[in-house]
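Summary of the model geometry
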Amino acid sequence: MYVSVATEPGGSAPNEDWVGGTSSLALVLDGLSTAGLKTGCRHGVPWYVAQLGAHLVAALATCDRPLADGLAEALERVGQLHPECDLRNPGTPSATVAILRERPGHFDHLVLADSPVVLEGTGGITVLTDLRVDDVCQDLRAETERYQTGTQEHRASVARLVAAQREIRNTEEGYWVAAAAPDAAAHALTGTAPAAAIRSAAVMSDGVSRLVTEYEMATWEAVLDQLRDHGPASLIRTVREVEATDPHGQRWPRYKAGDDAAVAYCSLPSTPS
């Protein structure tokens, strides 16, 4: 398959998304916001997603390895890179994970948290994602959505929400993300589709998918058409244009005026007729 990628920060802060692709692999990591809270790690989220992304590509270099096994190995190896940090801190750097892999006759996927894999198939479009985070801390999320983005009240509310999410992150009572412990990989959602049924695919962070899921300013069909015709950078520009019409989060309540965005578009070589 052919993979084209783009990523862009949502504002002036460093980009906490990461995207990578090879001839058989596309993956996106979305680093979780720290909201200014302590993490126990001196390196930061951009460092973490860059290391995890690189180790994931290496761990999945062979196409016969289960995706969850490769993720577990990558998590363990990244943990070994910074033993001086407090990796037991509930705020240790963490990320969502979305992976699509092509192997002979099949496409495998893995999603851990809310960065989706979108498949365009002969039977329509399938969105593969993990929305367990939506089931927790709903009262604090509703409180955050009452405030305009950028205000002191909004920042304080986001910090309270993140602090509460941290306490149940990677627990049976909460939701799962890629962090210090490799056993989180066992809680990822995985699956396989026959290659003959797939026409194209996209892997993205929620900073891109919200154009459809939250803003409702495009359909998945339109998103895949734009990716096919104009590429990933064009899709991110569209997201920014939409967000610019609502800079204070009044029409679309959100944590940031603009979130980091990353997308990998996977197209397949044409089959001769």
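Let me sum up the structure you'll find in this document. (Residues numbered from 1 in each chain as written. Predicted model: local features only at pLDDT ≥ 70, side-chain atom pairs only at ≥ 80, totals over all residues. Heavy atoms only, no water.)

Some words on the packing of helix H6 (residues 220-230) against helix H7 (residues 232-244)
Two elements in contact, H6 and H7, have axes whose closest approach is 7 Å; the angle formed by their N-to-C orientations is 130 degrees. Between H6 and H7, the angle falls in the class oblique. Two secondary-structure elements touch here, H6 through Val223, Gln226, Leu227 and His230 and H7 through Pro232, Ser234, Leu235 and Thr238. Here the residues of the contact of H6 with H7 are counted per class, giving four nonpolar, four polar and no charged. (Axes fitted to C-alpha atoms, helices over the stretch in contact; angles between N-to-C directions. Helix = DSSP H or I, 4+ residues; strand = E, 2+ residues; numbered from the N terminus. Parallel < 35°, antiparallel > 145°, perpendicular 65-115°, else oblique. Contact = heavy atoms within 4.5 Å. Nonpolar A, V, L, I, M, F, W, Y, C, P; charged D, E, K, R; others polar.)

Side note on the environment of Gly31
In this fold, Gly31 is placed in strand E3 (residues 25-31). In this structure, the C-alpha to C-alpha distance between Gly31 and Val45, residues 14 residues apart in sequence, is 6.0 Å. Non-local contacts of Gly31, meaning those with residues more than four positions away in its chain, are made with Glu16, Asp17, Val45, Val49, Ser94 and Ala95.

Here's the deal with the pattern of salt bridges
A full pass over the atoms with the stated rule returns 15 salt bridges. Glu84 is the partner of Arg42 in a salt bridge, and the nearest nitrogen-oxygen pair spans 3.3 Å. With a gap of 42 residues between them, Arg42 in the loop between E3 and helix H1 (45-59) and Glu84 in the loop between helix H2 (67-81) and strand E4 (95-103) connect regions that are remote in the sequence. Arg240 is the salt-bridge partner of Glu243, the closest N and O atoms lying 3.0 Å from each other. In this pair, Glu243 and Arg240 are both assigned in helix H7, three residues apart and thus about one turn of the helix distant. Take Glu243 and Arg240: they sit in the same class, and that class is buried. (Salt bridge = Lys/Arg side-chain N within 4 Å of Asp/Glu carboxyl O. Buried < 20%, exposed > 50% of the residue type's maximum accessible area, 1.4 Å probe, protein only.)

Considerations on the nonpolar core
Residues Leu29, Tyr48, Leu52, Leu56, Leu71, Val97 and Ile99 are the most contacted members of the largest nonpolar core, which totals 24 residues. When residues of this core are traced back to their parent elements, those giving at least two are E3, H1, H2, E4 and strand E5 (106-112). Once residues within four sequence positions are removed from consideration, Leu52 is found in contact with Leu29, Ala74, Leu75, Val78 and Ala178. Counting 20 residues, the second largest nonpolar core, distinct from the first, contains Val118, Trp220, Val223 and Trp252. (Core = buried A, V, L, I, M, F, W, Y, C linked by side-chain atoms within 4.5 Å.)

A look at the sheet that holds strand E1 (residues 2-8)
On the basis of which strands lie adjacent, the open sheet formed by five strands has the order E1-E10-E9-E6-E7 and antiparallel pairing. Lying at the two open borders of the sheet, with one neighbouring strand each, are E1 and strand E7 (124-128). Strand-to-strand twist in this sheet, taken as the mean axis angle between neighbours without regard to direction, amounts to 15 degrees. Where strand E6 (residues 117-121) lies against E7, five bridges are found, and the strand directions are antiparallel. Looking at E7, one finds that Val118 is bridged to Val127. (Pairing = 2+ DSSP bridges.)

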